[in-house]
Number of protein chains: 2
Amino acid sequence: MLEYYDISGCYILPWSMKIWNRMKIFFDAEIENMEVEECKFPLFVSEASLHKEADHIEGFAPDVAWVTISGDDELLNPIAIRPTSETVMYPYFRKWIRGHRDLPLKFNQWCNVVRWETSNPTPFIRSREFHWQEGRTAFATKEEADEEVLQVLGLYRRIYEEFMAVPVVKGMKSENEKFAGALYTTSVEAFIPNTGRAIQGATSHCLGQNFARMFDIHFENDKGEKNMVWQNSWAYSTRTIGVMVMVHGDDKGLVLPPKVASKQVIVIPVPYKDADTRAIYDACFETARELNRAGFRAETDLRENYSPGWKYSHWELKGVPLRIEIGPKDMARNQVRVVRRDNGAKQDISRTILVDQIRDLLDNVQQSLFDAAKQKRDACITVATTWEEFAAALNEKKMILAPWCDEEEVERKVKERTKGEMGACKTLCTPFDQPELPEGTLCFASGKPAKKWTYWGRSY
Amino acid sequence: MLEYYDISGCYILPWSMKIWNRMKIFFDAEIENMEVEECKFPLFVSEASLHKEADHIEGFAPDVAWVTISGDDELLNPIAIRPTSETVMYPYFRKWIRGHRDLPLKFNQWCNVVRWETSNPTPFIRSREFHWQEGRTAFATKEEADEEVLQVLGLYRRIYEEFMAVPVVKGMKSENEKFAGALYTTSVEAFIPNTGRAIQGATSHCLGQNFARMFDIHFENDKGEKNMVWQNSWAYSTRTIGVMVMVHGDDKGLVLPPKVASKQVIVIPVPYKDADTRAIYDACFETARELNRAGFRAETDLRENYSPGWKYSHWELKGVPLRIEIGPKDMARNQVRVVRRDNGAKQDISRTILVDQIRDLLDNVQQSLFDAAKQKRDACITVATTWEEFAAALNEKKMILAPWCDEEEVERKVKERTKGEMGACKTLCTPFDQPELPEGTLCFASGKPAKKWTYWGRSY
């Protein structure tokens, strides 16, 4: 899935692009329906553009990589590598938007961005170069922008839950945690039970008119009045793959959900000395072919120099959802043995009904992975209404749902108080799906009246 | 199609990605059949890796962009942005290849590369950042490598001729013009009649064992002997789009071949004062819908604030292959008027047979574009057997086919002698499809015995 590289924080993705592409096909089709145009903007951004929006650059400045030399020559002006493309694209939004008929303007690009972070890089999760899609849109009204923010967030939820089989919480980021320069930020948040850390899965921001003001992006409405546009910005990255790996992986290696697995079924011959090896190999080949014809992604492993046992471990490590074994006994009974990667369950299936059974099994594996992940995640969620409950839950590496007064200063203090080896605790999001907040409920941290339920935790 | 950017040599591709993606789908399917795996390698390359292959780095060194600063800190070691990825990928080929069972190893990635060239950047054709696919493969034998070189070159020919409707010549680059570090380079060469310049369309290289030697990429064969791998490298870039634009474009703007056009048919209402405008608009809508259902990419332009004439020019500029006009007379006769972008031909078509007729017309436009381009290109090819003929043809901006002794020194001298405002003339390629070379034919430049027919010309 991933190989380390000789430059820290950069990784090689040799065999995971197919998973990435499967989600890309889904996402591209959905945003094409939303009339988003695909584009490519440059990798480089001038210092002047990058520095135009003050909050925004403040958020990124320490991590920007600068090109200063070409060949043997020093460049007249250093040029930044995009850490994100708002400031790359918005000067052209200004140019392209004249009247209300130019709106909405919607672009998306698939590209690489660079954030030269000095804190621990983590494969997939926090890398210096990463791959993502970034959508940048502009509207005449806030209402249209608001609507799109949630529409895209819904797609991100589906990518996690329907494709990756990873449960997420949709919600609103706090003022402290929102994207620098945004009016508000929504996100989907996942949780990794093994490490007790939450992870921001993807974000969909309403930028309000902040960038429009800085980049002077105006349009003339149908009454001839000059107005500023409302803008959104939304992205998900190869981090999704890392989340999936961490959520489903086990001691034997990867566990891939069938919807994204490049190989859904691996067919392995299990010959015995006296058996008709040729016939068994043919049956494997035929079985894979039948499954491929039915639209599944099946392959055989007919290598003669590896034992069946070695092959089992090999394909378990790679996370293939189903393994089919065919031996002499199976041949005699016109059946195959099917073994699930997720729970190890084995069953013999008659070859006459194989396609339907495999379809059901793959659906079942996909659903089971999600259900198991959700059960584990839910078991990690703790409600805390007092600081003591909160601190205890944090010790137990929980994802904590707590009533909060929604004051920035209070969040900062919680961060301060929880600082330590494990990293500070902060808000993850305020879930859109709010439990009832009984009148008189107090903030767990400040004792002031609580305004909402918010998720807190340590985070990647 | 393209917008200039505030950093010289970088361009914005706002609406041309769909064309790019259409070729990508074709190419990806073909190389998947060849069992090439998709991957992503890092944007950055360390100085040590970059400098390992001497000829290779000599070819790129003047154009390499270096990152030296992150945030406010100077990096300990400057890091290069890949100008191409041989040196990024081959250390990992070394790691992944152990025995003959690991071969062939075949990877392809779609990515951006940076060559900070100081000579005139030209949109699509020569840009500092560009997008391409780069295939990197390793084989146990030279025969397998040789075979793949030509197989991929065949795909490049198809991209140009079948999709872009641009005729190309398949051939071998000279020693002077081959890829730095390659054993040999094959290419498809296009020609732009308007400017009298040839352009290298795409290249497929056999690297021999040069990089294997430098990066120590060995495998153990089935007899337990240690051997070096044979490697290939092949790429085509967004330049393809530039070539297409230059070959087919005319005074009215773009002319897009139907196979790659995002919009193949634009349907425009032509109402009159007294006519039933609603019915005409409905007919336009219905016509587009019928064509879309039949699998074409059709759209309407029902904007009320623009005249039909304005719309005609607008969509001609954008190169849409067919325009359908529907006015009162067409309504009365249950017909539409169809106008071709490529030659302006108009015809009335009954709505009852529209789908079949549009299918034929689109096929015909695609073929006509290719035929017209080939006729123009062929008219630019001149055979020259003496220096005088050669010089005259070069003055007339021709693509020159000349008998050549195949000596590097002679090519260098021709370059020297033809230097000037227009740029020097060099070999384009030695076509695989060789005309007969009568015995005793002499080299046009050196007077020595000629070994082959080679194309010469000024080039982008």
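- Going by what an unreviewed UniProt entry lists, chain A is known as Proline--tRNA ligase and is assigned to Papaver atlanticum.
- Chain A has a UniProt comment under Catalytic activity (unreviewed entry) that states "tRNA(Pro) + L-proline + ATP = L-prolyl-tRNA(Pro) + AMP + diphosphate".

**What about the overall build of chain A?**
No. 1: Each helix and strand in chain A was counted, giving 13 helices and 23 strands.
No. 2: Overall, the C-alpha framework of chain A stretches about 85 × 55 × 50 Å when taken along its three principal axes.
No. 3: Buried positions account for 56% of the 460 residues belonging to chain A.
No. 4: Considering only contacts within chain A whose residues lie at least 6 apart along the sequence, 68% involve residues at least 24 apart.
No. 5: As presented, chain A carries roughly 19,500 Å² of accessible surface, and 47% of it is formed by carbon and sulfur atoms.

**Section: the pattern of salt bridges**
Residues and elements named next belong to chain B.
No. 1: A complete count under the given rule lists 67 salt bridges over all chains for this structure.
No. 2: The closest approach of N and O atoms between Glu189 and Lys173, which form a salt bridge, is 2.7 Å. Here Glu189, found in strand S10 (residues 184-192), pairs with Lys173, found in the loop between strand S9 (169-172) and S10; they are 16 residues apart in sequence, far enough to count as distant. For the pair Glu189 and Lys173, one class covers both residues: buried.
No. 3: Across the pair Arg341 and Asp250 runs a salt bridge, and its minimum N-O distance is 2.7 Å. Placement of Arg341 in the loop between strand S18 (335-340) and strand S19 (346-350) and of Asp250 in the loop between helix H7 (239-248) and strand S15 (265-269) is noted, with a sequence separation of 91 residues between them.
No. 4: Judged by its relative accessible area of 7%, Arg341 falls in the buried class.

**Thoughts on the domain arrangement of chain A**
All names here are of chain A.
No. 1: Domain parsing of chain A yields domain 1 (3-43 + 85-248), domain 2 (265-372) and domain 3 (381-457).
No. 2: Relative to domain 2, the C-alpha centre of domain 1 lies at a distance of 39 Å.
No. 3: At the junction of the two partners, domain 1 supplies eight residues and domain 2 supplies four residues.
No. 4: At the boundary of domain 1 with domain 2, total buried surface from both sides reaches about 520 Å², with 56% on carbon and sulfur atoms.
No. 5: Taken together, domain 1 and domain 2 are joined by two residue pairs in polar contact (both at pLDDT 80 or more).
No. 6: For the side of domain 1 that touches domain 2, the leading source of residues is helix H5 (residues 142-163), giving three residues.
No. 7: For the side of domain 1 that touches domain 2, a count of residues per class yields four nonpolar, one polar and three charged.

**Some remarks on the interface of chain A and chain B**
No. 1: Facing the 52 residues of chain A at the interface are 52 residues of chain B.
No. 2: Between chain A and chain B, the buried area comes to about 4,900 Å², and carbon and sulfur atoms account for 59% of it.
No. 3: If you look at where chain A meets chain B, you find four salt bridges.
No. 4: Here Glu37(A) ties to Lys18(B) by a salt bridge, and the two come within 3.8 Å at their closest N and O atoms.
No. 5: Joining chain A to chain B, the criterion identifies 24 residue pairs in polar contact (both at pLDDT 80 or more).
No. 6: When grouped by side-chain class, the residues that make up the side of chain A that touches chain B number 33 nonpolar, nine polar and 10 charged.
No. 7: The pairing of strand S5 (residues 65-70) of chain A with strand S5 (residues 65-70) of chain B spans five bridges and is classified as antiparallel.

**Some thoughts on the environment of Lys329(B)**
Residue and element names in this part refer to chain B.
No. 1: The residue Lys329 is located in helix H10 (residues 328-333) in this model.
No. 2: The class for Lys329 is partly exposed, based on a relative accessible area of 48%.
No. 3: Between the alpha carbons of Lys329 and Ala61 there is a distance of 66 Å; along the sequence they are 268 residues apart.

**Re the UniProt feature "domain: Aminoacyl-transfer RNA synthetases class-II family profile" (unreviewed entry) in chain A**
No. 1: UniProt feature "domain: Aminoacyl-transfer RNA synthetases class-II family profile" (unreviewed entry): in the numbering of this structure it lies at residues 26-257 of chain A.
No. 2: For the annotated span residues 26-257 of chain A, helix accounts for 29% and strand for 34% of the residues, and the straight-line distance between the end C-alpha atoms is 16 Å.

**Describing the pairing of strand S23 (residues 452-457) of chain A**
All names here are of chain A.
No. 1: In terms of residue burial, S23 counts as a mostly covered element, since six of its six residues are buried.
No. 2: Neither face of S23 is exposed, since Lys452, Thr454 and Trp456 on one face and Trp453, Tyr455 and Gly457 on the opposite face are all buried.
No. 3: With five bridges connecting them, strand S21 (residues 399-404) and S23 associate as antiparallel partners. Each residue of the ladder has a partner; that of Leu401, found in S23, is Tyr455.

**Concerning the sheet that holds strand S4 (residues 44-46) of chain B**
No. 1: The antiparallel open sheet is built from six strands, whose spatial order is S4(A)-S6(A)-S5(A)-S5(B)-S6(B)-S4(B). Because the sheet does not close on itself, it has two edges, and the strands there are strand S4 (44-46) of chain A together with S4 of chain B. The average undirected angle you get between the axes of adjacent strands in this sheet is 50 degrees.

**Regarding the nonpolar core**
No. 1: Phe44(A), Ile81(A), Phe44(B) and Ile81(B) are the most contacted members of the largest nonpolar core, which totals 84 residues.
No. 2: Judged by nonpolar contacts, the second largest core, of 39 residues, contains Met34(B), Leu254(B), Leu256(B) and Val260(B).

**So, the pairing of strand S7 (residues 105-114) of chain A**
All names here are of chain A.
No. 1: When you tally the buried positions in S7, you get 10 out of 10 residues, the bulk of the element.
No. 2: Relative to S7, strand S3 (residues 37-38) runs parallel, the two sharing two bridges. Its bridge partner lying in S7, Glu37 is registered against Phe107.
No. 3: Note that S7 and strand S8 (residues 129-139) share 10 bridges and pair antiparallel. Bridge pairing in S8 links Val114 to Glu129.

**With respect to the relation of the copies chain A and chain B**
No. 1: After a rotation of 180 degrees and a shift along the axis of 0.0 Å, chain A superposes on chain B with an RMSD of 0.0 Å. Taken together, the rotation and translation relating the two chain copies correspond to the operation of a two-fold axis. Every residue of chain A has its C-alpha some distance from the rotation axis, and the shortest such distance is that of Val67(A), at 2.1 Å.

**What about helix H8 (residues 277-293) of chain A?**
Residues and elements named next belong to chain A.
No. 1: Look at H8: 24 Å from first C-alpha to last across 17 residues, which is about the 24 Å you get at 1.5 Å a residue.
No. 2: Three or more residues of H8 are buried, namely Ile280, Tyr281, Ala283, Cys284, Thr287, Ala288 and Leu291. Axial view of H8: buried residues confined to an arc of 155 degrees, hence all on one face. Structural note: H8 exposes Arg278 and Arg293 on the side pointing more than 90 degrees away from its buried face.
No. 3: Looking at the buried residues of H8, the elements they touch are strand S15 (265-269), strand S16 (298-300), strand S17 (322-326), helix H10 (328-333), strand S18 (335-340) and helix H11 (354-380).

**A short note on helix H12 (residues 387-395) of chain B**
Residue and element names in this part refer to chain B.
No. 1: Residues of H12 that are buried include every one of Trp387, Phe390, Ala393 and Leu394, and no others. Down the axis of H12, the buried side of the element spans an arc of 130 degrees, and every buried residue falls inside it. Exposed residues lying more than 90 degrees from the buried face of H12 are Glu388 and Asn395.
No. 2: Among the structural elements, strand S20 (381-383), strand S21 (399-404), helix H13 (408-418) and strand S23 (452-457) are those in contact with the buried residues of H12.
No. 3: Immediately beyond the C-terminal end of H12, within one or two residues, lies Lys397, with a positive phi of roughly 60 degrees.

**Points about the packing of aromatic side chains**
No. 1: On inspection of all chains with the given rule, the structure shows 62 aromatic pairs over all chains.
No. 2: Taking the centre distance of 6.3 Å and the plane angle of 75 degrees together, the rings of Phe41(A) and Phe107(A) count as edge-to-face. Of this pair, Phe41(A) sits in the loop between S3 and S4 while Phe107(A) sits in strand S7, placing them 66 residues apart in sequence. Across the pair, exposure class does not vary: Phe41(A) and Phe107(A) are buried alike.
No. 3: A ring pair is formed by Trp116(A) and Phe44(B), whose centres lie 5.3 Å apart and whose planes are at 85 degrees; its orientation type is edge-to-face. Taken together, the positions of Trp116(A) in the loop between S7 and S8 and Phe44(B) in strand S4 put the pair across two chains. Like Trp116(A), the residue Phe44(B) is buried in the burial classification.

Rules of the game
- Residues numbered from 1 in each chain as written.
- Chains lettered and ligands numbered in written order.
- Predicted model: local features only at pLDDT ≥ 70, side-chain atom pairs only at ≥ 80, totals over all residues.
- Heavy atoms only, no water.
- UniProt positions renumbered as here; feature names shortened; annotations may be inferred.
- Helix = DSSP H or I, 4+ residues; strand = E, 2+ residues; numbered from the N terminus.
- Buried < 20%, exposed > 50% of the residue type's maximum accessible area, 1.4 Å probe, protein only.
- Contact = heavy atoms within 4.5 Å.
- Areas by Shrake-Rupley, 256 points an atom, 1.4 Å probe, with all protein chains shown as cover.
- Salt bridge = Lys/Arg side-chain N within 4 Å of Asp/Glu carboxyl O.
- Domains from an automatic or database assignment.
- Buried area = accessible area lost by both parts, 1.4 Å probe.
- Polar contact = N/O pair within 3.5 Å; in protein donor to acceptor, adjacent residues only side chain to side chain.
- Nonpolar A, V, L, I, M, F, W, Y, C, P; charged D, E, K, R; others polar.
- Pairing = 2+ DSSP bridges.
- Axes fitted to C-alpha atoms, helices over the stretch in contact; angles between N-to-C directions.
- Core = buried A, V, L, I, M, F, W, Y, C linked by side-chain atoms within 4.5 Å.
- Least-squares fit on C-alpha atoms with pLDDT ≥ 70 in both.
- Expected span 1.5 Å × (residues − 1).
- Arc of directions from axis to C-beta.
- Phe/Tyr/Trp six-rings, centres within 6.5 Å; stacked < 30°, edge-to-face > 60°.

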